[in-house]
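One-letter residues, chain by chain:
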Amino acid sequence: MIRVLSVTSECAPLVKTGGLADVAGALPAALAGHGVQMRTLLPGYPAVMAALKGKTEAERFDDLFGGPARLLAGQAAGLDLLVIDAPHLFAREGNPYLGPDGRDWPDNPERFAALSWVGAHVGAKGAGGWRPQILHGHDWQAGFMTEYLRRMQADDLRTVLTIHNIAFNGPADPGRLHSLRLDPGRFHSEGYEYWGAISALKAGLIGADRLTTVSPTYAEELMTPEFGLGMDGVMRHRRDALTGILNGIDETVWNPATDPAIKTYRDLKGKPANKSALRGEMGLPESDGPLCVIVSRMTEQKGLDLVLQALPTLLEGGGQLALLGSGDPALQTAFERAAKNPHVAVRIGYDEALSHRMIAGGDAILVPSRFEPCGLTQLYGLRYGTLPLVGLTGGLADTVINASPAALARGVATGIQFSPITAESLRNALTRLCALYRDRETWSRMQANAMAQPVGWDQSARAYAAMYAELIG
Ligand code: ADP
Ligand code: GLC
């Protein structure tokens, strides 16, 4: 078995703000069948501490970035965990990154530097009699691992960093070099310096043996100025180390045949009952157009402002919209206002069970993201026969087969893609959607295709396992 330590700031079902948690939570089980033993290093947030079973103390630290801490080994939710019990950093309720005022905790650079430092330490020295051969970090929160490893003896250790979203680069003011335990001699453009600031992500991008991201198309996009967001030069420089491996979905959680949150179904005959139930729950009237759903963080990335602009087109086509999401207050207010129309229903908040009922009950799921490293909700849509309408970018480009005349003629389409990602082209896509929906035969064919498309972890788990094997020779 290849021993890998996954270093992550969130992990479903214990702590989740987005897809990173789903991926970190699903990888260990997906890899177990491919000769990989993965343990997961997590900060000891209250929810993680409460869930941890069979804990043993693996290590003590007198001063972990400002206070004493312990490293605990144990299990929770079927995962083998190492947990950093550091109350001064992690004993804070709620969102792992934000305080009660909705802003980033001011000490986030140190909090996740501590995660990276403990990851490096376990990589170099082991913990509780177990030492990984590979450290696999996720996003900026694990970025400093390779910096810390430079001062620890661990030449046989290999490192991987996965980019789930390059828009978060983990910035810190240069005045924090000392508190972040960084080597000041490496604060330069070939080191972890990024536009005059410290960047945890950049440290990982330059330092890791391998870089992965969560779709092949996003891997290519990252090397362009439009998507690389200032890191594109670094990405081009590290082209040979970079691969895109698509995310899968956890099919024990997302399977319409077994999902405890819905009226289960194995084929299309089971969808109408879920649609009626969702209409009832959301207070939407009967209508013969497509019921479109959205489950999303409400941020610039997700293109929801474009939905507001294109909404009249959907409604004129007889369609309806149900949205579940939270985030940007201005967007929340705008959608709440849009919900004055009886054919629009909006739930502001985060609700796991409702997200399942929405995916099961919708005819189509809208994901009009401006960029999308992979995206999971379009994959849920495919699995549930809820056709994705997506922007042509990142993982959305790689996972949906657009209903082009050629794809329709060959009977292989699974959704609709639009490009460029503008309100105008979204309007056209919604018009196409309404027309396709009225063509019952074609629509059903697309649904059947979608439900038959493999969206689980099997293929990608194989790709990660092959990369690990190659790395350790
Ligand atoms: P991102 O990680 O950029 O937010 P993904 O599509 O990869 O995008 O993952 C988002 C995950 O978060 C999915 O599992 C989705 O169902 C979930 N999610 C997003 N918003 C909500 C919400 N308001 N309620 C429940 N689940 C949500
Ligand atoms: C990020 C991306 C999303 C991706 C998820 C998991 O949050 O925005 O596209 O699916 O990470 O990799």
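Residues numbered from 1 in each chain as written. Chains lettered and ligands numbered in written order. Predicted model: local features only at pLDDT ≥ 70, side-chain atom pairs only at ≥ 80, totals over all residues. Heavy atoms only, no water.

- Looking at an unreviewed UniProt entry, the protein carries the name Glycogen synthase, with the source organism given as Paracoccus methylarcula.
- The UniProt entry for the protein carries the following text under Catalytic activity (unreviewed entry): "[(1->4)-alpha-D-glucosyl](n) + ADP-alpha-D-glucose = [(1->4)-alpha-D-glucosyl](n+1) + ADP + H(+)". (UniProt positions renumbered as here; feature names shortened; annotations may be inferred.)

**Observations regarding the packing of aromatic side chains**
Turning to step 1, where the next piece is worked out: Inspection of every chain in the model, using the stated rule, returns 14 aromatic pairs.
Turning to step 2, where the next piece is worked out: With 5.7 Å between their ring centres and 55° between their planes, Tyr97 and Phe112 make a pair best called tilted. Taken together, the positions of Tyr97 in the loop between α3 (87-90) and α4 (108-125) and Phe112 in helix α4 put the pair 15 residues apart, joining distant regions of the chain.
Turning to step 3, where the next piece is worked out: Tyr97 sits in the buried class, given a relative accessible area of 13%.
Turning to step 4, where the next piece is worked out: According to the relative accessible area criterion, Phe112 is buried, its value standing at 1%.
Turning to step 5, where the next piece is worked out: A ring pair is formed by Tyr437 and Trp443, whose centres lie 5.1 Å apart and whose planes are at 85°; its orientation type is edge-to-face.
Turning to step 6, where the next piece is worked out: In this structure Tyr437 comes out as buried when scored by relative accessible area, which is 8%.
Turning to step 7, where the next piece is worked out: With relative accessibility at 1%, the residue Trp443 sits in the buried group. (Phe/Tyr/Trp six-rings, centres within 6.5 Å; stacked < 30°, edge-to-face > 60°. Helix = DSSP H or I, 4+ residues; strand = E, 2+ residues; numbered from the N terminus. Buried < 20%, exposed > 50% of the residue type's maximum accessible area, 1.4 Å probe, protein only.)

**Details of unusual backbone geometry**
Turning to step 1, where the next piece is worked out: The amide bond that connects Ala12 to the next residue, Pro13, takes the cis arrangement and shows omega of 0°.
Turning to step 2, where the next piece is worked out: Checked against the element boundaries, Pro13 lands in the loop between β1 (2-7) and α1 (19-32).
Turning to step 3, where the next piece is worked out: Positioned with a positive phi, Trp195 is a non-glycine residue whose angle comes to about 50°.
Turning to step 4, where the next piece is worked out: If you trace the backbone, Trp195 turns up in the loop between β9 (193-194) and β10 (197-199).
Turning to step 5, where the next piece is worked out: Residue classification places Trp195 among the exposed positions, given a relative accessible area of 71%.
Turning to step 6, where the next piece is worked out: Non-glycine residue Leu229 carries a positive phi angle of around 50°.
Turning to step 7, where the next piece is worked out: Along the chain, Leu229 turns up in the loop between α8 (225-228) and α9 (232-237).

**Thoughts on the packing of helix α17 (residues 423-438) against helix α18 (residues 440-452)**
Turning to step 1, where the next piece is worked out: Contact geometry for α17 and α18: axes closest at 5 Å, N-to-C directions at 100°. As the angle between them shows, α17 and α18 are arranged roughly perpendicular. On α18, the residues that touch Leu433, Leu436, Tyr437 and Arg438 of α17 are Arg440, Thr442, Trp443 and Met446. (Axes fitted to C-alpha atoms, helices over the stretch in contact; angles between N-to-C directions. Parallel < 35°, antiparallel > 145°, perpendicular 65-115°, else oblique. Contact = heavy atoms within 4.5 Å.)

**Structural notes on the pattern of salt bridges**
Turning to step 1, where the next piece is worked out: A full pass over the atoms with the stated rule returns 21 salt bridges.
Turning to step 2, where the next piece is worked out: Between Lys16 and Asp22 there is a salt bridge, and its shortest N-O distance comes to 2.9 Å.
Turning to step 3, where the next piece is worked out: Overall, Lys16 belongs to the partly exposed group, its relative accessible area being 24%.
Turning to step 4, where the next piece is worked out: Put simply, Asp363 and Lys275 hold a salt bridge, and the shortest N to O gap is 2.6 Å. Here Asp363, found in the loop between α13 (352-361) and β16 (364-367), pairs with Lys275, found in helix α10 (residues 271-282); they are 88 residues apart in sequence, far enough to count as distant.
Turning to step 5, where the next piece is worked out: Overall, Lys275 belongs to the buried group, its relative accessible area being 11%.
Turning to step 6, where the next piece is worked out: Three or more residues are tied together by salt bridges with common partners; here these are Glu57, Arg60, Arg70 and Asp85. (Salt bridge = Lys/Arg side-chain N within 4 Å of Asp/Glu carboxyl O.)

**A few points about α13**
Turning to step 1, where the next piece is worked out: Most of α13 sits out of view: seven of its ten residues are buried.
Turning to step 2, where the next piece is worked out: Those residues of α13 that sit buried are Leu354, Ser355, His356, Met358, Ile359, Ala360 and Gly361.
Turning to step 3, where the next piece is worked out: In the core, the buried residues of α13 are packed alongside α10, β13 (291-298), β14 (320-327), β15 (344-348), β16 and α14 (377-383).
Turning to step 4, where the next piece is worked out: Its side-chain oxygen at 3.3 Å from the backbone nitrogen of Ala353, Asp351 defines the N-terminal cap of α13. (Polar contact = N/O pair within 3.5 Å; in protein donor to acceptor, adjacent residues only side chain to side chain.)

**Some words on the site of ligand 1**
Turning to step 1, where the next piece is worked out: Gly19, Arg297, Lys302, Gly349 and Tyr380 are the nearest of the 20 residues found near ligand 1.
Turning to step 2, where the next piece is worked out: Within the contact set of ligand 1, an oxygen atom lies 2.6 Å away from a side-chain nitrogen or oxygen of Arg297.
Turning to step 3, where the next piece is worked out: Looking at the shell around ligand 1, the elements with two or more residues in it are α1, β13, β14 and α14.
Turning to step 4, where the next piece is worked out: Looking at the shell around ligand 1 element by element, the count peaks at three residues for β13.
Turning to step 5, where the next piece is worked out: Grouping the amino acids of the shell around ligand 1 by side-chain chemistry returns five nonpolar, nine polar and six charged.
Turning to step 6, where the next piece is worked out: Here the shell around ligand 1 spans two domains, and each of domain 1 (2-248 + 457-471) and domain 2 (268-452) adds at least three residues to it. (Near = heavy atom within 4 Å. Nonpolar A, V, L, I, M, F, W, Y, C, P; charged D, E, K, R; others polar. Domains from an automatic or database assignment.)

**Remarks on the UniProt feature "domain: Starch synthase catalytic" (unreviewed entry) in the protein**
Turning to step 1, where the next piece is worked out: Annotation from UniProt places "domain: Starch synthase catalytic" (unreviewed entry) at residues 3-237.
Turning to step 2, where the next piece is worked out: Across residues 3-237, the secondary structure splits into 30% helix and 25% strand, with the terminal C-alpha atoms separated by 29 Å.

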